[in-house]
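A closer look at the structure
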Amino acid sequence: MIEAPALIIPTDISAMIKEIKSAYAGYVAKFRIPSDHVIVVNYSGGKDSTATLAIAHHLFGDKVRNVMADTDNEHEYTVEYAKNIHQQIGCRPVQLVKRIYSEQDFAKRRVSVQKNWRKRQAIRMGAYRGVVMPSLYASDTKFAEAWRKSAKRWGIDFDTPLDAALSVLKPSGNSFLDAALLHGKFPMLRDRFCTDELKINAAFDQAINPLLEEGEVVVQWSGVRGDESSKRASYARFEADRRDSSFLYNFLPIHKWTASDVFALHKYFGIKPNPLYLEGAARVGCMNCVLCNKEEIAQTAARYPHHIEKHREWEQKVRLVSRWVHWMSVGTFDQSWMRKYSLPLGRAVQLYGLTPEVQNIDWSAFYGTRGGMGAPSVNDVVEWAKTGRGGKVYDLVKASLDTEVCSSRYGLCE
Ligand code: SF4
């Protein structure tokens, strides 16, 4: 829901912009940053980065550049909005960058998969520690015979999981999907390679670093607001960036602002916000973010079902590059190979009450574990999202998401 900016009047915004100007001058002096430094605004198409860009342009005009890293999982409105925001603000057009995974990246991955999937593998952590998984290369084993039932269920025709994986390990034309194919899974809370590779590194490699290479001193302005999470609140308003601490700095001009202030600033400058907000979105990052909450999933399913369909198609491919899904897809077959080999880790298999038969995983789940389901498909998650609050599990998941979602230091994922 949009928070009403009604209590903020234009003179407040004017004073708040003056505060930013004065604080910034103080930091520039304190850090001895040359006056001809370059300002680069990290842009996402969301309200906070739009406000940041508008303020930066208002104060420094064409000195200000901007960059948006398109993850290829954005809503089409957001990309369109970013492409046209310069017409509303009067700034330079947004530099759209994208991480492109090459055929070479995939060739390297294919070599690694061909080498490693031949071997048996001992699971080293979690409930299955000590379990030895069979080769995914041989076609004449009991496991392969059982796996071919999975393949039939999935509507594919391969002799081995390795063949199935190799069939999709090539550039797909979509960077988000390519990242997941190369990692063998979708990003998750504790392994958010999407933010790192598709956002932070793409913006740095393609927009920031070239400026540093030219000898410029760069200050990145990001629309991070402290009231969104305790992690965001903990960031310093101004500091040197560890990636190049003598020449690159980070400034968070609206760190203390509220969402109401941000929308009031839109009004003050006559900027229309991203239309997704007008349709009820609370955030406009990826459509959807892998970490988004139950309400957001239900809303996307209702309003933008083509994005759910997109994720369903991605899941069908990504499961083929996941060793775990191949192994666990054979759940109803007696997984006796688990106990056949002498265990290399000096202890017995730890199944903690689980029986191999209960494990029948068919998906490398885009949304991860949801609603008590271990690895649900996006369709399962959508059905769950349409239900009520869902009890304690939901509350716990939501509580963690509210504080953790997209807490990028650079505000690149809103
Ligand atoms: S918005 Fe979510 S899915 Fe998109 S890059 Fe950020 S963390 Fe990843």
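Basis of the calculations
- Residues numbered from 1 in each chain as written.
- Predicted model: local features only at pLDDT ≥ 70, side-chain atom pairs only at ≥ 80, totals over all residues.
- Heavy atoms only, no water.
- Helix = DSSP H or I, 4+ residues; strand = E, 2+ residues; numbered from the N terminus.
- Axes fitted to C-alpha atoms, helices over the stretch in contact; angles between N-to-C directions.
- Parallel < 35°, antiparallel > 145°, perpendicular 65-115°, else oblique.
- Left-handed = near helix turned anticlockwise from the far one by under 90°.
- Contact = heavy atoms within 4.5 Å.
- Nonpolar A, V, L, I, M, F, W, Y, C, P; charged D, E, K, R; others polar.
- Buried < 20%, exposed > 50% of the residue type's maximum accessible area, 1.4 Å probe, protein only.
- Core = buried A, V, L, I, M, F, W, Y, C linked by side-chain atoms within 4.5 Å.
- Domains from an automatic or database assignment.
- Phe/Tyr/Trp six-rings, centres within 6.5 Å; stacked < 30°, edge-to-face > 60°.
- Pairing = 2+ DSSP bridges.

The subject of this paragraph is the environment of lysine 18. Looking at the element boundaries, lysine 18 is found in helix 1 (residues 10-30). Sequence separation between lysine 18 and leucine 59 is 41 residues, and the spatial gap between their C-alpha atoms is 9.1 Å.

Let us now look at the packing of helix 7 (residues 175-183) against helix 13 (residues 305-318). Two numbers describe how helix 7 lies on helix 13: the axes approach to 10 Å, and their chain directions differ by 25°. Accordingly, the angle class assigned to the pair helix 7 and helix 13 is roughly parallel. Both helix 7 and helix 13 take part in a crossing whose hand is right-handed. Residues Phe176, Leu177, Ala180 and Leu181 of helix 7 form the contact with helix 13, whose own contacting residues are Trp314, Lys317 and Val318. Residues that form the contact of helix 7 with helix 13 fall into these classes: 6 nonpolar, no polar and 1 charged.

Further remarks concern unusual backbone geometry. Following methionine 287, the chain continues to asparagine 288 via a peptide bond in cis, the omega torsion being -15°. With respect to the secondary-structure elements, asparagine 288 resides in the loop between helix 11 (275-278) and helix 12 (294-303). Of note, arginine 32 is a non-glycine position whose phi angle comes to about 55°, a positive value. Positionally, arginine 32 belongs in the loop between helix 1 and strand 1 (38-42). You can call arginine 32 exposed: its relative accessible area is 76%. The backbone of aspartate 72 shows a phi angle near 70°, a positive value even though the residue is not glycine. Among the secondary structure elements, aspartate 72 is positioned in the loop between strand 2 (64-69) and helix 3 (76-89). You can call aspartate 72 buried: its relative accessible area is 16%.

Glancing now at the nonpolar core. Ranked by internal contacts, the top residues of the largest apolar core, which has 51 residues, are Phe176, Leu181, Ile297 and Tyr367. Lining this core are residues from two domains, each supplying at least three of them: domain 1 (10-101 + 192-288) and domain 2 (103-170 + 302-363). Not counting residues up to four positions away in its chain, the partners in contact with phenylalanine 176 are Thr71, Asp72, Asn73, Phe186, Pro187, Cys194, Leu198, Cys286, Val290, Trp314 and Phe366. Membership of the second largest hydrophobic core comes to 34 residues, among which are Ile20, Ala51, Tyr249 and Ala264.

Turning our eyes to something else, we now look at the packing of aromatic side chains. The final tally for this structure, using the stated rule, is 20 aromatic pairs. For the pair phenylalanine 31 and phenylalanine 238, a centre-to-centre distance of 4.9 Å together with 45° between the ring planes defines the contact as tilted. A residue pair is termed long-range when its members are at least 10 positions apart, and phenylalanine 31 in the loop between helix 1 and strand 1 and phenylalanine 238 in strand 7 (residues 238-240) qualify at 207 residues. Residue phenylalanine 31 is classed as partly exposed on the basis of its relative accessible area, which comes to 27%. Between phenylalanine 176 and tryptophan 314, the aromatic rings sit 5.4 Å apart at their centres with planes inclined by 15°, giving stacked as the arrangement.

Think of a sheet as strands paired side by side through backbone hydrogen bonds, with each pair either parallel or antiparallel. The mixed open sheet is built from 6 strands, whose spatial order is 3-2-1-6-8-7. Each of the sheet's edge strands pairs with one partner strand only, and the pair in question is strand 3 (95-97) and strand 7. On average, each strand axis in the sheet is inclined to that of its neighbour by 25°, with strand direction left out of account. Relative to strand 3, strand 2 runs parallel, the two sharing 3 bridges. Considered in strand 3, the bridge of valine 67 is made with glutamine 95. Sheet strands in contact with helix 2 (residues 47-60) are strand 1, strand 2 and strand 6 (218-221), and its direction is about 160° off that of strand 1. The strands touched by helix 8 (residues 193-213) are strand 1, strand 2, strand 3, strand 6 and strand 8 (248-251); relative to strand 2, the strand with the most contacts, the crossing angle is about 150°.

Without other data, these values stay purely geometric and don't point to any function.
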